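Understanding the architecture of this molecule
Single-letter residue listing:
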Amino acid sequence: MTSVARRSGPARHAGAEAYPGPRREPAPRPAPSRRPPARPAPARPGNRPARVGARGVLAVIIAGAVAVIALWWHSTPGVHGLGGWLTGAGEVLGLLCGYGVVVLVALMSRLPPLERGLGTDKLARWHAMGGRYIVSLVVAHGLLIVWGYAATAHANVVSESATLLTQYPDVLMATVAGFLLLGIGIVSMRAARRRVRYETWYFVHLYTYLAIALAFSHQLADGAAFVSNLAARFWWSAMYLTVLVLVLWYRVAVPLLSYRRHRFEVLGVKAEGPGVISVYIGGRGLEELDAEPGQFFRWRFMTRSLWWSSHPFSLSAAPGSDMLRITVKNMGDHSQALAQLQPGTRVFAEGPYGAFTPADSGRGAVLLAGGVGITPLRAIFATLPGHVTLIYRASSERDLVFREELDQIAAARGATVHYLVGSRAEIGGDPLSPRVLRSLVPGLDEQEAYVCGPAGMTSTAVRALRAAGVPRQRIHFESFEF
Ligand SMILES: Cc1cc2nc3c(=O)[nH]c(=O)nc-3n(C[C@H](O)[C@H](O)[C@H](O)COP(=O)(O)OP(=O)(O)OC[C@H]3O[C@@H](n4cnc5c(N)ncnc54)[C@H](O)[C@@H]3O)c2cc1C
């Protein structure tokens with residue numbers, strides 16, 4: 001079932017033989033003692049951005065929502081009768097929608113402290129969850145306002161809707177925006193998402209920006225909180241403008257400036273296994289990117305058929321000063337086309353992103369890889385200090401990539417690799433059960449665990465690690481799906 005490499009041979013760096021010439025990965029730092037360091041850890045080096053934790057971000061978001069409710073309270077002298085209550089509820093929900101869309105866009109703005117602190121996959125999950133709330137709030141806002149106005153005017157809801165659409169400034173535009181958001185929400189629902197191509201979903205999603213622009217003037221023109229409150233108008237507009245600048249800066253300007261500085265280009269492509277290739281990307285001063293093993297970039301390859309979309313791929317070797325490597329499994333049109341890349345192709349790289357980076361905790365570590373999920377773990381395996389055990393799950397021997405490199409790294413650093421190959425039936429049980437994991441990794445519950453693989457394998461592995469006694473905060477995992 002498994003083959004084990006536990007060697008401490010001559011220090012040969014994995015990847016040294018790989019295309020297109022000599023490269024060296026930084027050697028893992030010597031294993032720290034098991035005791036925690038007595039002195040505080042040194043400040044984060046260089047220009048590496050600060051990380052913000054999930055609790056800090058949630059606290060800021062909630063504080064913003066409370067401020068929004070306070071703004072409504074301040075602008076509402078009193079609530080009278082059914083119409084007043086319905087209208088008041090509609091107004092407060094409308095304000096929360098206007099605030100919520102800004103939060104959703106900010107989460108996706110690629111702001112470095114967010115990307116490093118929470119990780120792109122968590123940000124994407126929060127964004128998706130928040131999107132569902134916002135669409136529900138938009139619908140509730142519209143219904144409550146129509147109902148509330150109708151109740152106050154003793155009119156029916158149909159004629160009141162017509163009045164609102166035709167006689168109130170910008171309500172028609174906001175209604176179009178509401179329907180756009182509803183449509184985007186429907187296309188983003190899990191069941192619908194599975195049926196549409198990623199690119200279709202992505203381009204439909206871009207209409208969110210149009211919806212936000214259409215609804216903005218309605219908020220200032222009709223919102224009771226803004227009509228006579230200049231300060232509120234100013235701060236609300238400043239909030240929208242700040243997020244717009246963040247998006248333009250981090251999603252557009254930074255990749256362009258990064259290209260101008262680093263001049264990324266394809267150096268070569270190497271076949272690694274059936275349907276799996278590595279792309280070597282050269283550039284100048286790549287150490288300034290401050291990329292860490294385990295992180296990924298969004299890559300835009302400037303060929304006639306690929307330039308219009310960027311795709312995320314993890315670094316599959318520790319970043320060097322003049323070369324980066326990614327390893328790609330053929331999953332569709334884009335990943336398949338990368339095999340045809342020619343040396344010299346220009347590349348725009350957005351990143352580094354991701355919080356799936358080694359924690360320097362002084363403990364041993366177990367890395368659990370499934371399929372192409374080996375890519376970030378391959379880079380971590382070469383550089384993580386302390387004793388490391390890599391468990392690599394694949395359905396067949398042919399699907400194992402980097403086998404030679406992994407064995408070389410294991411030999412060079414005295415690490416252990418277990419290859420768990422074959423179907424459950426062939427293996428004779430669950431290869432990722434708590435019992436098997438404990439038998440493969442002595443002292444498992446004392447270690448940090450890093451998991452990357454298909455969604456099913458990742459959740460099985462995380463459950464097994466928890467059952468084997470590894471605390472939740474020491475289990476790190478990366479999802480290849482946003
Ligand atoms: C953080 C992260 C790191 C990744 N690292 C690697 C890696 O090292 N090696 C590797 O082989 N794969 C990696 N992937 C997966 C890889 O990005 C997708 O397999 C690839 O984009 C598929 O594109 P396609 O057009 O070939 O296939 P499609 O058939 O179009 O897509 C297959 C699936 O990939 C996802 N996908 C497609 N396009 C994108 C996109 N632009 N952005 C995000 N997801 C997309 C969708 O979930 C889609 O359902 C990573 C994904 C993420 C999110």
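Structure first, text after, so check above.
These notes cover the structure that comes with them. Worth saying up front: this structure is predicted, and the values here are computed from it rather than measured.

The rules behind the values
Residues numbered from 1 in each chain as written. Predicted model: local features only at pLDDT ≥ 70, side-chain atom pairs only at ≥ 80, totals over all residues. Heavy atoms only, no water. Helix = DSSP H or I, 4+ residues; strand = E, 2+ residues; numbered from the N terminus. Buried < 20%, exposed > 50% of the residue type's maximum accessible area, 1.4 Å probe, protein only. Contact = heavy atoms within 4.5 Å. Areas by Shrake-Rupley, 256 points an atom, 1.4 Å probe, with all protein chains shown as cover. Near = heavy atom within 4 Å. Polar contact = N/O pair within 3.5 Å; in protein donor to acceptor, adjacent residues only side chain to side chain. Expected span 1.5 Å × (residues − 1). Salt bridge = Lys/Arg side-chain N within 4 Å of Asp/Glu carboxyl O. Lys, Arg positive; Asp, Glu negative; His and termini not counted. Pairing = 2+ DSSP bridges. Axes fitted to C-alpha atoms, helices over the stretch in contact; angles between N-to-C directions.

1. Describing the overall build of the chain
- A count of helices and strands for the chain gives 17 helices and 12 strands.
- Burial status across the chain gives 47% buried among its 482 residues.
- Across the chain, every contact between residues at least 6 apart in sequence was considered, and the portion connecting residues at least 24 apart equals 73%.
- For the chain, the computed accessible surface area is about 24200 Å², with 63% contributed by carbon and sulfur atoms.

2. Structural notes on the site of the ligand
- Around the ligand, the structure places 21 residues, and the nearest of them are His311, Pro312, Lys329, Ser335 and Thr375.
- Here an oxygen atom of the ligand sits 2.7 Å away from a polar atom, N or O, in the side chain of His311.
- The separation between an oxygen atom of the ligand and a polar main-chain atom of Met331 is 3.4 Å.
- When isolated, the ligand has an accessible area of 880 Å², and the protein chains bury 86% of it.
- It is strand β5 (residues 311–314) that contributes the most residues to the shell around the ligand, 4 residues altogether.

3. Side note on helix α2 (residues 81–107)
- Given a rise of 1.5 Å per residue, 27 residues ought to cover 39 Å, and the 39 Å separating the end C-alpha atoms of α2 matches this to within 8%.
- Across the 27 residues of α2, 21 count as buried, placing the element largely inside the fold.

4. Overview of the pattern of salt bridges
- Across all of its chains, the model carries 11 salt bridges by this definition.
- A salt bridge links Glu350 to Arg110, with the shortest nitrogen-to-oxygen separation between them at 2.6 Å. Of this pair, Glu350 sits in strand β7 (residues 347–353) while Arg110 sits in the loop between α2 and α3 (112–118), and the two are 240 residues apart along the sequence. Residue Glu350 shares its accessibility class with Arg110, and that shared class is buried.
- Here Asp430 and Arg424 are joined by a salt bridge, their closest N and O atoms 3.9 Å apart.
- For Asp430, a relative accessible area of 27% corresponds to the partly exposed category.
- Each of the salt bridges in this network shares a partner with another, and the network as a whole consists of Arg197, Glu199 and Asp333.

5. Overview of the side chain of Arg474
- You can see Arg474 is positioned in the loop between α17 (455–467) and β12 (475–478).
- One buried charge, Arg474, has no salt-bridge partner; the nearest side chain with opposite charge is Glu448, at 4.6 Å.
- Apart from the residues within four sequence positions on either side, Arg474 is in contact with Arg363, Asp445, Glu446, Gln447, Glu448 and Ala449.

6. Things to note about helix α9 (residues 207–222)
- In this model α9 runs 23 Å from its N-terminal to its C-terminal C-alpha over 16 residues, within 8% of the 22 Å that 1.5 Å per residue would give.
- Looking at α9, one finds that the buried residues are Thr208, Ala211, Ile212, Leu214, Ala215, His218, Gln219 and Leu220.
- Where the residues of α9 are buried, they touch α2, α4 (120–153), α6 (171–188), α8 (198–205), α10 (224–227) and α11 (230–262).

7. Some words on the sheet that holds β5
- With antiparallel pairing, 3 strands are arranged side by side in an open sheet as β5-β4-β7. Each end of this open sheet is capped by a strand with a single partner; those strands are β5 and β7. Shown here is a sheet whose adjacent strand axes are inclined to one another by a mean of 30°, direction ignored.
- Where strand β4 (residues 296–301) meets β7, 5 bridges bridge the pair, whose relative direction is antiparallel. Across the sheet, residue Arg298 finds its bridge partner in β7, namely Glu350.

8. Examining the sheet that holds strand β6 (residues 323–329)
- As summarised here, the arrangement of the 3 strands in space is β2-β3-β6, forming an open sheet in which the pairing is antiparallel. Each end of this open sheet is capped by a strand with a single partner; those strands are β2 (265–273) and β6. The sheet shows a mean angle of 20° between the axes of neighbouring strands, taken without regard to direction.
- As defined by bridge partners, strand β3 (residues 276–282) adjoins β6 across 7 bridges and the pair is classed as antiparallel. Considered in β6, the bridge of Ile277 is made with Val328.

9. A closer look at unusual backbone geometry
- The omega torsion across Gly351 and Pro352 is 5°, close enough to zero to call that bond cis.
- Here Pro352 lies in strand β7.
- Residue Asp290 is not a glycine yet carries a positive backbone phi of 60°.
- Of note in this structure, Phe402 is not a glycine but carries a positive phi near 65°.
- Take Phe402: its relative accessible area is 5%, and that puts it in the buried class.

Purely spatial values, then, with no claim about function.
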